[in-house]
Amino acid sequence: VLEPVQLVEHPFYEVPYNNLSAFYALGLGAIAAVIGLVFLLIGAVIKKVITKLSKCIESMCGKAVRQILIASIGGLVTGVGMYMFPLVYSSGRSTMNPTMLHAKALGLANLAGTALTKCITFWVGTHCGLVGGLFFPAMYIGLISGEVCALLLNLAPEMTVPIMLGAVPASFLTAPATNLALPVGMFVMGPLHTVPIFVGVVTSNTILVGTGFL
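Residues numbered from 1 in each chain as written. Predicted model: local features only at pLDDT ≥ 70, side-chain atom pairs only at ≥ 80, totals over all residues. Heavy atoms only, no water.

Engineer: Could you give an account of the overall build of the protein, naming the residues involved and the relevant values?
Structural biologist: In terms of helices and strands, the protein carries eight helices and zero strands. By the compact-globule yardstick of 17 Å for 214 residues, the protein fits well, its C-alpha radius of gyration being 18 Å. Its C-alpha atoms give the protein principal-axis dimensions of about 65 × 40 × 35 Å. The buried share of the protein, taken over its 214 residues, is 43%. Excluding contacts between residues fewer than 6 apart, the proportion of contacts in the protein whose partners are at least 24 apart in sequence is 76%. Carbon and sulfur atoms provide 70% of the accessible area of the protein, an area that totals close to 10900 Å². Positive and negative charge centroids in the protein, built from 9 and 6 side chains respectively, lie 24 Å apart. (Helix = DSSP H or I, 4+ residues; strand = E, 2+ residues; numbered from the N terminus. Rg over C-alpha atoms; globule rule 2.2 N^0.38 Å. Buried < 20%, exposed > 50% of the residue type's maximum accessible area, 1.4 Å probe, protein only. Contact = heavy atoms within 4.5 Å. Areas by Shrake-Rupley, 256 points an atom, 1.4 Å probe, with all protein chains shown as cover. Lys, Arg positive; Asp, Glu negative; His and termini not counted. Charge placed at Lys NZ, Arg CZ, Asp CG, Glu CD.)

Next up, the structure:
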């Protein structure tokens, strides 16, 4: 059983509520939908490459060699990714706090690089047979996206991070209650602060899933 994740020392219900946050959440939800789509497209491309490579290896060397080589490739790509961007390690659950604490020091390049590398290492690992779930990596991509949006759009990360953390996975996972409840619980937020998260979650899900695009 996973222990509860709390990402902040001081609860977010103490943060003053921005009356425009629900309107900002509409735009952030749209951005989250684009990020979710890119996340899935990277997965589709990697799946195609790994599938083709697996067939070639198995036809030449047999099933046993294919299993060993493909798993080794998954481990190699994950290791290289972790070496280049150390915050890529694990499912993303244990790297949320360090990322939030040092987001400004990391800067846009490192945050964007970490997000992209996380997408690549996750999908390569998944299609190479390594064990891992989808939810925490998607949430971590959302968290990084929230920090990037805060830096690029000059918005408070206390607003952008919870919205994007829920909205990115919500763009392709239709679990609105879960995608709303997790950021609220993780950041210890009050009822009023849940409004922009709900708006972001509904917006991103509507754009990709609700329209029938996915």
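Engineer: Please set out the packing of helix 5 (residues 135-153) against helix 6 (residues 157-170) residue by residue, giving values where relevant.
Structural biologist: Between helix 5 and helix 6, whose axes approach to 7 Å, the crossing angle comes to 145°. Where helix 5 crosses over helix 6, the two elements pack in a sense that is right-handed. Where helix 5 approaches helix 6, its residues Ala138, Met139, Ile141, Gly142, Leu143, Ser145, Gly146, Glu147, Cys149 and Ala150 are matched on the opposing element by Pro157, Thr160, Val161, Met164, Leu165, Val168 and Pro169. Along the lines of polarity and charge, the residues of the contact of helix 5 with helix 6 split into 12 nonpolar, four polar and one charged. (Axes fitted to C-alpha atoms, helices over the stretch in contact; angles between N-to-C directions. Left-handed = near helix turned anticlockwise from the far one by under 90°. Nonpolar A, V, L, I, M, F, W, Y, C, P; charged D, E, K, R; others polar.)

Engineer: Requested: an account of the nonpolar core, with residues and values cited.
Structural biologist: Generally speaking, a soluble globular protein has its nonpolar side chains buried in company with each other. If you look at the biggest cluster of nonpolar residues, it comprises 46 residues, and the most contacted ones within it are Phe39 and Met96. Those elements that place two or more of their residues in this core are helix 1 (21-61), helix 4 (103-127), helix 5, helix 6, helix 7 (176-187) and helix 8 (194-210). Residues in contact with Phe39, not counting those within four places in the same chain, are Cys119, Phe122, Trp123, Leu134, Ile141 and Phe172. (Core = buried A, V, L, I, M, F, W, Y, C linked by side-chain atoms within 4.5 Å.)

Engineer: Could you give an account of the packing of aromatic side chains, with specific residues and numbers?
Structural biologist: Under the counting rule described, the total for this entry stands at four aromatic pairs. Centre to centre, the rings of Phe39 and Trp123 are 5.2 Å apart; their planes meet at 50°, and the pair counts as tilted. With Phe39 in helix 1 and Trp123 in helix 4, the pair connects residues that are 84 residues apart, well separated along the chain. There is no split in this pair, since Phe39 and Trp123 are both buried. Aromatic side chains Phe39 and Phe172 sit 5.6 Å apart centroid to centroid with 20° between the ring planes, which places their arrangement in the stacked category. Within this pair, whereas Phe39 is found in helix 1, its partner Phe172 is found in the loop between helix 6 and helix 7, the two being separated by 133 residues in sequence. Assigned by exposure class, Phe39 and Phe172 land together as buried. One aromatic cluster is present, built from ring pairs that chain together Phe39, Phe122, Trp123 and Phe172. (Phe/Tyr/Trp six-rings, centres within 6.5 Å; stacked < 30°, edge-to-face > 60°.)

Engineer: Describe in detail helix 7, supporting the description with residues and values.
Structural biologist: Here helix 7 is 12 residues long and its end C-alpha atoms lie 17 Å apart, about the 16 Å a rise of 1.5 Å per residue gives. Contact partners of the buried residues in helix 7: helix 3 (96-101), helix 5, helix 6 and helix 8. After helix 7 finishes, the residue Val188 shows a positive phi value of roughly 50°. (Expected span 1.5 Å × (residues − 1).)

Engineer: Tell me about the packing of helix 1 against helix 2 (residues 63-84), and name the residues and values.
Structural biologist: Here helix 1 crosses helix 2 at 145°, and the two axes come no closer than 8 Å. Between helix 1 and helix 2 the crossing geometry is right-handed. Facing helix 1, whose interface residues are Ile50, Leu53, Ser54, Ile57, Glu58 and Cys61, helix 2 presents Lys63, Val65, Arg66, Leu69, Ile70 and Ile73. Its residues placed into classes, the contact of helix 1 with helix 2 shows eight nonpolar, one polar and three charged.

Engineer: Lay out helix 1 with the relevant residues and their values.
Structural biologist: Its 41 residues give helix 1 an end-to-end C-alpha distance of 57 Å, which sits within 8% of 60 Å, the value for a rise of 1.5 Å per residue. Phi turns positive one or two residues past the end of helix 1, at Gly62, with a value near 100°.

Engineer: Before we move on, could you go through the pattern of salt bridges and cite the residues and values that matter?
Structural biologist: On inspection of all chains with the given rule, the structure shows one salt bridge. Note that Arg66 is salt-bridged to Glu58, the shortest N-O span being 3.1 Å. Overall, Glu58 belongs to the partly exposed group, its relative accessible area being 34%. (Salt bridge = Lys/Arg side-chain N within 4 Å of Asp/Glu carboxyl O.)

Engineer: I'd like a description of the state of the cysteines, backed by residues and values.
Structural biologist: Per the counting criterion, the structure on display carries zero disulfides. Distance from the sulfur of Cys61, which forms no disulfide, to the nearest cysteine sulfur (Cys56) is 10 Å. (Disulfide = S-S within 2.5 Å.)

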